[in-house]
Amino acid sequence: MQLFPKLSIGLLNGWIFLVVFGIVFGGVVKSFPKDVIARLYDTSNWTPTQRTLTRVGKVFSVVITVLVALTPLNANTPVFWLGTVIFVLGLSGLVVALFNFRNTPANHPITQGLYKVSRNPQWVMLIVMFLGLCFVIGSWIAFLLFMVTVVCYHFRILGEERACLAQYGDTYRDYMRKIPRYFVFF
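Residues numbered from 1 in each chain as written. Predicted model: local features only at pLDDT ≥ 70, side-chain atom pairs only at ≥ 80, totals over all residues. Heavy atoms only, no water.

Here's the deal with the overall build of the protein chain
And then number 1: For the protein chain, the count of helices and strands is seven helices and zero strands.
And then number 2: Reading the protein chain from its N end, one meets helices and strands in the order α-α-α-α-α-α-α.
And then number 3: Each principal axis of the C-alpha distribution contributes one length, and for the protein chain these read about 50 × 30 × 30 Å.
And then number 4: Counting across all 186 residues of the protein chain, residues that qualify as buried make up 42%.
And then number 5: By element, 71% of the accessible surface of the protein chain is carried by carbon and sulfur atoms, the whole surface being about 10,000 Å².
And then number 6: Positive and negative charge centroids in the protein chain, built from 16 and 6 side chains respectively, lie 8 Å apart. (Helix = DSSP H or I, 4+ residues; strand = E, 2+ residues; numbered from the N terminus. Buried < 20%, exposed > 50% of the residue type's maximum accessible area, 1.4 Å probe, protein only. Areas by Shrake-Rupley, 256 points an atom, 1.4 Å probe, with all protein chains shown as cover. Lys, Arg positive; Asp, Glu negative; His and termini not counted. Charge placed at Lys NZ, Arg CZ, Asp CG, Glu CD.)

Below, the structure written as structure tokens:
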């Protein structure tokens, strides 16, 4: 790992991982009915602070994405392969969580599949995936930017949970008591 990678435009850069993510995520979401997609991006019941911090998180996400895209890959390091495994695990978990979301009727909170161990498995898996990307490119600065992004998106998650409480009431409140926000240890 290095503090800041040497950036360049090249065929063997981190953009390859971003394209894989884009194809998989885009393909999965594109297969969903429009009402499910609308639920995925519902921002009702968010506070102004949650909206603002989500925007800040998006800016950091763009910076990380550019950093990943312009960093040449070095497949000769163990950290690259560790990052690749973490990326694949995160992307796979994200797909599972998305289908758990899709297969739950709109009038019920999502409590099946990965939602049995986390209230926010889509976000957890995105975090795992982007952590893997930080290792893939071997950059400490990407990791630091990523940590700021995670803190900003925590407030987005609070907004999503607030919307679920407004929509599902006591059913969701009971679910919150039983299932941790991020996974067993949080």
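Let's talk about the nonpolar core
Proteins that are soluble and globular tend to have nonpolar side chains buried together.
And then number 1: The biggest cluster of nonpolar side chains holds 41 residues, and the ones touching the most others in it are Phe 21, Phe 87, Leu 98, Leu 126, Met 129, Phe 130 and Leu 133.
And then number 2: Those elements giving two or more residues to this core turn out to be α1 (15-30), α2 (34-40), α3 (48-69), α4 (78-102), α5 (121-137), α6 (140-168) and α7 (170-178).
And then number 3: For this core, the leading source of residues is α5, giving 10 residues.
And then number 4: In this structure Met 129 touches Phe 21, Ile 86, Phe 87, Gly 90 and Leu 91, once residues within four positions along its chain are discounted. (Core = buried A, V, L, I, M, F, W, Y, C linked by side-chain atoms within 4.5 Å. Contact = heavy atoms within 4.5 Å.)

So, the packing of aromatic side chains
And then number 1: Going through the model one piece at a time under the given rule, you end up with 11 aromatic pairs.
And then number 2: With a centroid separation of 4.9 Å and 90° between ring planes, the pair formed by Phe 80 and Trp 81 is classed as edge-to-face.
And then number 3: Given a relative accessible area of 48%, Trp 81 falls into the partly exposed group.
And then number 4: Considering the side-chain rings of Trp 123 and Tyr 153, the 5.0 Å spacing of their centres and the 35° angle between planes classify their relative orientation as tilted. Within this pair, whereas Trp 123 is found in helix α5, its partner Tyr 153 is found in helix α6, the two being separated by 30 residues in sequence.
And then number 5: Look at Trp 123 and you get buried, because its relative accessible area is 15%.
And then number 6: Taken together, the aromatic side chains of Phe 17, Phe 80, Trp 81 and Phe 87 make up a single cluster linked through ring pairs. (Phe/Tyr/Trp six-rings, centres within 6.5 Å; stacked < 30°, edge-to-face > 60°.)

Notes on the confidence of the model for the protein chain
And then number 1: For the protein chain, the average pLDDT comes to 89, and 98% of its residues sit at 70 or higher.
And then number 2: Here α2 stands out as the element of the protein chain with the lowest mean pLDDT, 79, in contrast to α4, whose mean of 95 is the highest. (pLDDT = per-residue confidence, 0-100.)

Brief notes about the packing of α1 against α5
And then number 1: Running from N to C, α1 and α5 cross one another at 160°; their axes reach a closest spacing of 11 Å. Considering their axes alone, α1 and α5 lie roughly antiparallel with respect to each other. As α1 packs across α5, the resulting crossing turns out to be right-handed. On α5, the residues that touch Phe 17, Leu 18 and Phe 21 of α1 are Leu 126, Met 129, Leu 133 and Val 136.
And then number 2: Looking at the contact of α1 with α5 residue by residue, the classes come out as seven nonpolar, no polar and no charged. (Axes fitted to C-alpha atoms, helices over the stretch in contact; angles between N-to-C directions. Parallel < 35°, antiparallel > 145°, perpendicular 65-115°, else oblique. Left-handed = near helix turned anticlockwise from the far one by under 90°. Nonpolar A, V, L, I, M, F, W, Y, C, P; charged D, E, K, R; others polar.)

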